[in-house]
Amino acid sequence: MSFWRAIAVGALVAAAPALLAGEIPSDARRSGYAFMGPDTRAMQDDDTANPGMLFVLDGEALWTKKTGSAEKACADCHGDARSSMKGVAARYPAFDKALARPFTLDQRINLCRANHQRAAPLPYESRDLLALSAFVAHQSRGVAITAGDDPELKPFVAQGRDLFMQREGQLNLACTNCHDDNFDKRLAGAPITQAQPTGYPLYRLEWQTLGSLERRLRSCMSGVRAQAYDYGAPELVALELYLMSRARGLPMETPAVRP
Amino acid sequence: MSLAISSPATADELVPYKIIGDTIPQSLTGTPGDPARGRALVLARTTTCILCHSGPFPEVRFQGDLAPDLKGTGNWWSAGQLRLRLVDASRFNPQTIMPSYYRNNGLVRVGRNFASKPILSATEIEDIVAYLATLQN
């Protein structure tokens, strides 16, 4: 598997894109963690209190379970996730040469199920997909985000940025209106953060469960009374990619806890 | 500000109104609104005002701070100005984040349940205008 390593290292040395107007400079970027109260922080920090860790443990069990008509487990090809998956989630969504578009970690896992395990894809937001994705992303906890560095991703990052800047829905608000222009303020009771996607999949107290970044973006879209994109839609992947590239340098926190 | 008569594509759903200067002087319904109903509407989460605004609403625990406090609004804005502000706040500030509450076209990807509908009805706008006009000290 050293060829993806080589690609990753190549991408790391590529220059970071210049900052565009209205964007948050890298030294001012703050995770949603920084906006939380002490109780929620403590819950995230303590692995025995963090409900997301139950999903990580489920994911670890799935990692070694033989699945599909190929009778292979993830571990049969990828070995010990602690080394093979370290840093992987920090550079997703990544560009797939065969599909000629970016795809998310969830989609990557389902590609391995289809192509390598010969198993049916796991539905978005299903417990098993969240568990596998939490387990894989947990191996990147503390690793700085570098997603979006691959030059092939440039047009997709730009598409995601355009979507972030575009007003939409009956309330006619863009992501940027809240998350670039008004973070640190309060929308009714809720502190508005910078929308840094550092902790996904994460445990949201309001959901009472783990959820993906796509679920979060869909709920922000419904909040402005816009028609949310379907899970896996190219627009949602582009937004996710833009958010990850915008979070460049922040450490991964999976599984984070959010109110 | 210019004189304009609204004639949106789906005009049949919105009552026509006339903008004069920075006001819509005439009631959208032809009758004055009910301030008590207006207050209840402003406080209702689904009306969305208090997501951004705070105001003299001691019973409401969570209020927003993205926009000015509404107390005293009736001191400095006339009913006609408040009506235009609610109908189309972008007339006062083209970059505003305050939604246009009486508009049903030119928006992007509006959710299925909300498509082609203004956020508030003409009656609701009048009730809120009547309430905001009472916010004087």
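Up top is the structure.
Note that the coordinates shown come from a computational prediction; the quantities given were computed from them, not determined experimentally. (Residues numbered from 1 in each chain as written. Chains lettered and ligands numbered in written order. Predicted model: local features only at pLDDT ≥ 70, side-chain atom pairs only at ≥ 80, totals over all residues. Heavy atoms only, no water.)

A. Structural view of the overall build of chain B. On a plain count of helices and strands, chain B comes out with five helices and two strands. For chain B, the N- to C-terminal ordering of α and β elements is β-β-α-α-α-α-α. Expected size for 137 residues packed as a compact globule is a radius of gyration near 14 Å; at 15 Å, chain B falls within 12% of this value. If one aligns the C-alpha atoms of chain B with their principal axes, the spans along those axes are about 40 × 30 × 30 Å. In chain B, which comprises 137 residues, the share counted as buried stands at 45%. Total accessible area on chain B stands at roughly 7200 Å², and carbon and sulfur atoms take up 55% of it. Of the side-chain charges in chain B, 13 are positive and 11 negative, and the distance between the mean point of each set is 5 Å. (Helix = DSSP H or I, 4+ residues; strand = E, 2+ residues; numbered from the N terminus. Rg over C-alpha atoms; globule rule 2.2 N^0.38 Å. Buried < 20%, exposed > 50% of the residue type's maximum accessible area, 1.4 Å probe, protein only. Areas by Shrake-Rupley, 256 points an atom, 1.4 Å probe, with all protein chains shown as cover. Lys, Arg positive; Asp, Glu negative; His and termini not counted. Charge placed at Lys NZ, Arg CZ, Asp CG, Glu CD.)

B. Spatial organisation of the overall build of chain A. Looking only at helices and strands, chain A has eleven helices and seven strands in total. Here the C-alpha atoms of chain A give a radius of gyration of 18 Å, agreeing with the 18 Å that 2.2 N^0.38 yields for 259 residues. Judged by the C-alpha coordinates and their principal axes, chain A covers about 50 × 40 × 35 Å. Across the 259 residues that make up chain A, the buried fraction comes to 54%. In chain A, of all internal contacts separated by at least 6 residues, the share reaching a separation of at least 24 is 69%. For chain A, the accessible area works out to roughly 11700 Å², and carbon and sulfur atoms hold 57% of it. Here chain A contributes 30 positive and 29 negative side-chain charges, whose respective centroids are spaced 1 Å apart. (Contact = heavy atoms within 4.5 Å.)

C. Representation of the pattern of salt bridges in the model. The tally for this structure, following the rule as stated, stands at 17 salt bridges over all chains. One salt bridge in this structure joins E23 of chain A and R161 of chain A, with 2.7 Å as the shortest N-O distance. You can see E23 of chain A sitting in the loop between helix 1 (2-13) and helix 2 (38-45) and its partner R161 of chain A sitting in helix 8 (residues 154-165), a full 138 residues away along the chain. In this structure R161 of chain A comes out as buried when scored by relative accessible area, which is 18%. In this structure, E152 of chain A and K97 of chain A form a salt bridge, with 3.2 Å as the shortest nitrogen-oxygen distance. Residue E152 of chain A is located in the loop between helix 7 (127-138) and helix 8, and its partner K97 of chain A is located in the loop between strand 1 (94-96) and strand 2 (101-103); the two are separated by 55 residues in the primary sequence. Several salt bridges share partner residues, and in doing so they unite D34, R37 and D127 of chain B into one network. (Salt bridge = Lys/Arg side-chain N within 4 Å of Asp/Glu carboxyl O.)

D. Structural context of the side chain of N50 of chain A. All names here are of chain A. Relative to the assigned elements, N50 resides in the loop between helix 2 and helix 3 (52-63). Judged by relative accessible area, N50 falls into the buried class, the value being 3%. A polar contact of 2.8 Å, which involves the side chain of N50, links it to the backbone oxygen of P255. Contacts of N50, omitting those with residues within four sequence positions, involve M43, Q44, P255 and V257. (Polar contact = N/O pair within 3.5 Å; in protein donor to acceptor, adjacent residues only side chain to side chain.)

E. Spatial organisation of the sheet that holds strand 6 (residues 209-211) of chain A. Sheet architecture is open: three strands sit in the order 6-5-7 (chain A), paired in mixed fashion. At either margin of the open sheet sits one strand with a lone partner, and together these are strand 6 and strand 7 (257-258) of chain A. (Pairing = 2+ DSSP bridges.)

F. Spatial organisation of the nonpolar core. Residues L28, F57, Y102, I125 and L132 of chain B are the most contacted members of the largest nonpolar core, which totals 54 residues. Elements with a minimum of two residues in this core: helix 8, helix 10 (213-223) and helix 11 (234-246) of chain A together with helix 1 (35-43), helix 2 (49-52), helix 4 (79-87) and helix 5 (122-133) of chain B. In terms of residues, this core owes the most to one element, helix 5 of chain B, which gives six residues. (Core = buried A, V, L, I, M, F, W, Y, C linked by side-chain atoms within 4.5 Å.)

G. Up close: unusual backbone geometry. Along the chain, Y200 of chain A connects to P201 of chain A via a cis peptide bond; the corresponding omega equals -10 degrees. Within the element layout of this structure, P201 of chain A appears in the loop between strand 4 (190-191) and strand 5 (202-204). In this structure, P255 of chain A follows T254 of chain A across a cis peptide bond, with omega equal to -5 degrees. Along the polypeptide, P255 of chain A turns up in the loop between helix 11 and strand 7. A positive phi is found at R109 of chain B, a non-glycine position, where the angle reads about 50 degrees. Considering the arrangement of structural elements, one finds R109 of chain B in the loop between helix 4 and helix 5.

H. Fine view of the interface of chain B and chain A. Counting from both sides, the interface comprises 25 residues of chain B and, opposite them, 22 residues of chain A. Overall, the association of chain B and chain A removes approximately 2100 Å² of surface from exposure, summing both partners, and the carbon and sulfur fraction of that is 55%. Applying the counting criterion to the chain B and chain A interface returns zero salt bridges. Inspection of the chain B/chain A interface yields eleven residue pairs in polar contact (both at pLDDT 80 or more). In terms of residue class, the side of chain B that touches chain A is built from twelve nonpolar, seven polar and six charged. (Buried area = accessible area lost by both parts, 1.4 Å probe. Nonpolar A, V, L, I, M, F, W, Y, C, P; charged D, E, K, R; others polar.)

I. Quick peek at the environment of P16 of chain B. Position of P16 of chain B relative to the elements: it lies in the loop between strand 1 (4-5) and strand 2 (18-19). Residues P16 of chain B and L28 of chain B, spaced twelve residues apart in sequence, show a C-alpha to C-alpha distance of 7.8 Å.

J. Summary view of the packing of aromatic side chains. Residues and elements named next belong to chain A. By the definition in use, this model includes seven aromatic pairs over all chains. On the numbers, 6.1 Å between centres and 75 degrees between planes, the contact of Y92 with F103 is edge-to-face. Note that Y92 is positioned in the loop between helix 5 (81-84) and strand 1 and F103 in strand 2, a separation of eleven residues in sequence. Seen in terms of ring centroids, Y124 and Y231 are 5.6 Å apart; in terms of plane orientation they differ by 15 degrees. Their pairing is stacked. (Phe/Tyr/Trp six-rings, centres within 6.5 Å; stacked < 30°, edge-to-face > 60°.)

K. View of helix 3 of chain A. Residues and elements named next belong to chain A. Counted at 1.5 Å a residue, the expected span for helix 3 with its twelve residues is 16 Å, and the 17 Å between its end C-alpha atoms agrees. Turning to helix 3, its buried residues are G52, M53, F55, V56, G59, L62 and W63. Along the long axis of helix 3, the arc covered by the buried residues comes to 165 degrees, so they all point the same way. Among the exposed residues of helix 3, those pointing more than 90 degrees away from its buried face are L54 and A61. If you follow the buried residues of helix 3, they end up packed against helix 4 (74-78), helix 5, helix 7, strand 5 and strand 6. (Expected span 1.5 Å × (residues − 1). Arc of directions from axis to C-beta.)

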